[in-house]
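Report on the structure
Each chain, letter by letter, is given below.
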Amino acid sequence: MAEIATIARPYAEALFKAAGGGAGLADEVSALADVAGHAQLRQLADNPKTGADLVFNVVSAVLARKGQMLTAP
């Protein structure tokens, strides 16, 4: 599990900096955490045959249904 934390750390730090210290990101991060908690979505995202665009589109659609928006990088 430490490996996942090591991989995620630079992304978390970049998100924190981009948000000006994290202010106002609680709802977005919580929504992403809820989506990431779904086993089927993780299985889709972990599949090496699944492209990043498909994962982004699926996550975006799920978040849109929850009233959250995700913008492409």
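Residues numbered from 1 in each chain as written. Predicted model: local features only at pLDDT ≥ 70, side-chain atom pairs only at ≥ 80, totals over all residues. Heavy atoms only, no water.

Contact geometry for helix α2 (residues 26-36) and helix α4 (residues 52-65): axes closest at 10 Å, N-to-C directions at 120°. Relative to α4, α2 is oriented oblique. Note that α2 runs across α4; the crossing there is right-handed. Residues A31, L32 and V35 of α2 form the contact with α4, whose own contacting residues are V59, V62 and L63. (Axes fitted to C-alpha atoms, helices over the stretch in contact; angles between N-to-C directions. Helix = DSSP H or I, 4+ residues; strand = E, 2+ residues; numbered from the N terminus. Parallel < 35°, antiparallel > 145°, perpendicular 65-115°, else oblique. Left-handed = near helix turned anticlockwise from the far one by under 90°. Contact = heavy atoms within 4.5 Å.)

Let us look at the nonpolar core. Core analysis: the largest hydrophobic core is formed by 6 residues, namely A31, V35, L41, V55, V59 and L63. For this core, the elements supplying multiple residues, two or more each, are α2 and α4. Here this core gets 3 residues from one element, more than from any other, and that element is α4. Excluding residues within four positions of it along the chain, V35 makes contact with L41, V59, V62 and L63. (Core = buried A, V, L, I, M, F, W, Y, C linked by side-chain atoms within 4.5 Å. Buried < 20%, exposed > 50% of the residue type's maximum accessible area, 1.4 Å probe, protein only.)

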